[in-house]
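As a plain string of letters, each chain reads:
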Amino acid sequence: MMILMIVLSLEDAIQKLSGFSILTHKQSARICAGTWNVGGRVPPADLDIDGWLDTLEPADIYVLGLQEIVPLNAGNIFGIEDDQPASVWENIIRDALNRVRPRKRRIVSHSDPPSPSMFKPYKEVSHNVHDMFLETTHGACDTFVSSKRPIVSEESLTNIEVLDSTNDNASPSTRDRSLSMQINSDSQREERFSYSERVGLSWPEPPLKLLNQYVLERRGSFKPLNLSIINLRKPAYVRIVSKQMVGVFLTIWVRRSLRKHISNLSVSTVGVGIMGYIGNKGSVSVSMSIYQTPFCFLCSHLSSGEKDTDHQKRNDDVREIHRRTLFHPHSSNTSVLPRSIRDHERIIWLGDLNYRINLSYEKTHELIARKEWQRLLENDQLSNEMRKGNVFEGWSEGVLCFPPTYKYEIDSENYIGDDPESGKRRPAWCDRVIWKGKGMKLLSYRRNEIKLSDHRPVTATFLAEVEVLSPWKLQRALAITYAEIQSQ
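Predicted model, so just to flag it, every value in this text is computed and none were measured.

### Some thoughts on unusual backbone geometry
- In this chain, Tyr-406 is followed by Lys-407 through a cis amide linkage whose omega measures 5 degrees.
- Inspection of the secondary structure puts Lys-407 in the loop between strand 13 (396-397) and strand 14 (418-419).
- A positive phi angle, close to 55 degrees, is found at Val-246, a residue other than glycine.
- Relative to the elements of secondary structure, Val-246 occurs in the loop between strand 7 (237-245) and strand 8 (248-255).
- Classification of Val-246 as buried rests on a relative accessible area of 10%.
- We note that Asp-411 has phi near 55 degrees; this positive angle belongs to a residue other than glycine.
- On the accessibility criterion, Asp-411 (54% relative accessible area) is exposed.

### Details of the sheet that holds strand 12 (residues 346-352)
- Strand order in the open sheet formed by six strands is 9-10-11-12-16-13, and the pairing between neighbours is mixed. Only two strands of the sheet have a single partner each, and these edge strands are strand 9 (262-271) and strand 13.
- The sheet contacts of helix 8 (residues 311-324) involve strand 9, strand 10 (282-290), strand 11 (293-301) and strand 12, and relative to strand 9 the element is tilted by about 130 degrees.

### Regarding the environment of Ser-396
- As for its placement among the helices and strands, Ser-396 is situated in strand 13.
- Excluding residues within four positions of it along the chain, Ser-396 makes contact with Met-386, Ile-434 and Trp-435.

### What about helix 11 (residues 381-388)?
- For helix 11, a buried count of six out of eight residues is recorded, marking the element as mostly surrounded by other parts of the structure.
- Buried within helix 11 are the following residues: Gln-381, Leu-382, Ser-383, Asn-384, Glu-385 and Met-386.
- Residues of helix 11 that are buried in the fold lie against helix 8, helix 10 (373-377), strand 13 and strand 16 (431-436).
- Between the side-chain oxygen of the N-cap and the backbone nitrogen of Leu-382 there are 3.4 Å, and the N-cap of helix 11 in question is Asp-380.
- In the stretch just after helix 11, Gly-389 is the one whose phi turns positive, near 80 degrees.

### Quick notes on helix 4 (residues 84-97)
- Taking 1.5 Å of rise per residue, 14 residues should cover 20 Å, and helix 4 covers 20 Å from first to last C-alpha, within 8% of that figure.
- Among the residues of helix 4, Pro-85, Ala-86, Trp-89, Glu-90, Ile-92, Ile-93, Arg-94, Ala-96 and Leu-97 are the ones counted as buried.
- Check the buried side of helix 4 and you find it contacts strand 1 (24-37), helix 2 (50-53), strand 2 (61-67), strand 7 and strand 8.

What counts, and where the lines are drawn
- Residues numbered from 1 in each chain as written.
- Predicted model: local features only at pLDDT ≥ 70, side-chain atom pairs only at ≥ 80, totals over all residues.
- Heavy atoms only, no water.
- Helix = DSSP H or I, 4+ residues; strand = E, 2+ residues; numbered from the N terminus.
- Buried < 20%, exposed > 50% of the residue type's maximum accessible area, 1.4 Å probe, protein only.
- Pairing = 2+ DSSP bridges.
- Contact = heavy atoms within 4.5 Å.
- Axes fitted to C-alpha atoms, helices over the stretch in contact; angles between N-to-C directions.
- Polar contact = N/O pair within 3.5 Å; in protein donor to acceptor, adjacent residues only side chain to side chain.
- Expected span 1.5 Å × (residues − 1).

Keep in mind these numbers describe shape, not what the thing actually does.
In structure tokens:
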């Protein structure tokens, strides 16, 4: 009985102490947040997005939001969700991220004293196939393929490739089930992940695809193969979560070694479009803890309209998204886990916010030609509404020192001129990235010149502080607590 009381007391102490800054130290993570309205256009498989993702300066975390990932027609708005374009975009993102290797520098510590153990490189996972994970598109748990035998035959490799078949007639869920097996998840996993959303915590490329070159040309022959000596390149980044709501799509990727420090994942969607609830306009939001710090990432597509008063509809959209976004709805640990957007310590909101510039068509083009961004900014609806406190009060945005990102002719550097249907379209900074929270430093805010749609993609790169639990501090605190319990 005495032992049980000590154990319960220690568990209670851990829960109380884990929230104290005395047990943590600060580190910084590089976050790349990108937004792009792709206008319902399916990209070519070889689309170069390296500039949008800034792969020359690799980030630790990529938060990427797309709007109009499918055309906003009646079939897509009211019919069955078309997730094929999302798969195409994920493949392009995956290829772009895994063409680069992460920087050797790990997350930087700013407060802990230097010690050999702290700066010891992370232990990398071995190259054996049984250590590698396969990603599922719709699964909520980690999935894996295990092979403890060091020798395999051509027949077994061929069978594996059949399981990895990309039959277009098979549904994504069917392919996922045939590709992998689900492992048992403990109660902690059930609390950490949202089972209703598209969550993946695993390697983005099935490693078995890399084994094609080792299969003999003649079927039925046998070739011993030692998997432990195959030099399989492990993907540098893994997808944490992807979620689509009609045309709004948010996907988050992290360095492979960082994925084990992501927890408390939850997804929320809010439609504010037709009738105030349909998802042709609205937001997809993700809540997650990076180490011990809760982050919130949002991708939204707000109401359109060029009238000088249409910004009020967009303000209403923002308020409705704040009101209806809910995380961890079924969790019993509501006193610790964030429930609303405002409950998070660090928030990044990106998307086609659709705020316009209150100037005439001619005056707007005149200022763009002279690159007078400040004068344009003085008439930017979002900047003025934020300054007045009407929307996003207390939020921040980088300096807009690039041309308005909307509206362009397709595959052209020219803005749209006379539109037969809607007349002259004034250029505007529709595509924005804003943030809220202490411990966030904006490193760059820029646009990219990919001409796929009538919008230009925008990227903001941050250095964000995260609180990391120090095991030796926790051990010391528990030792003191244990000593106090013993003395009672």
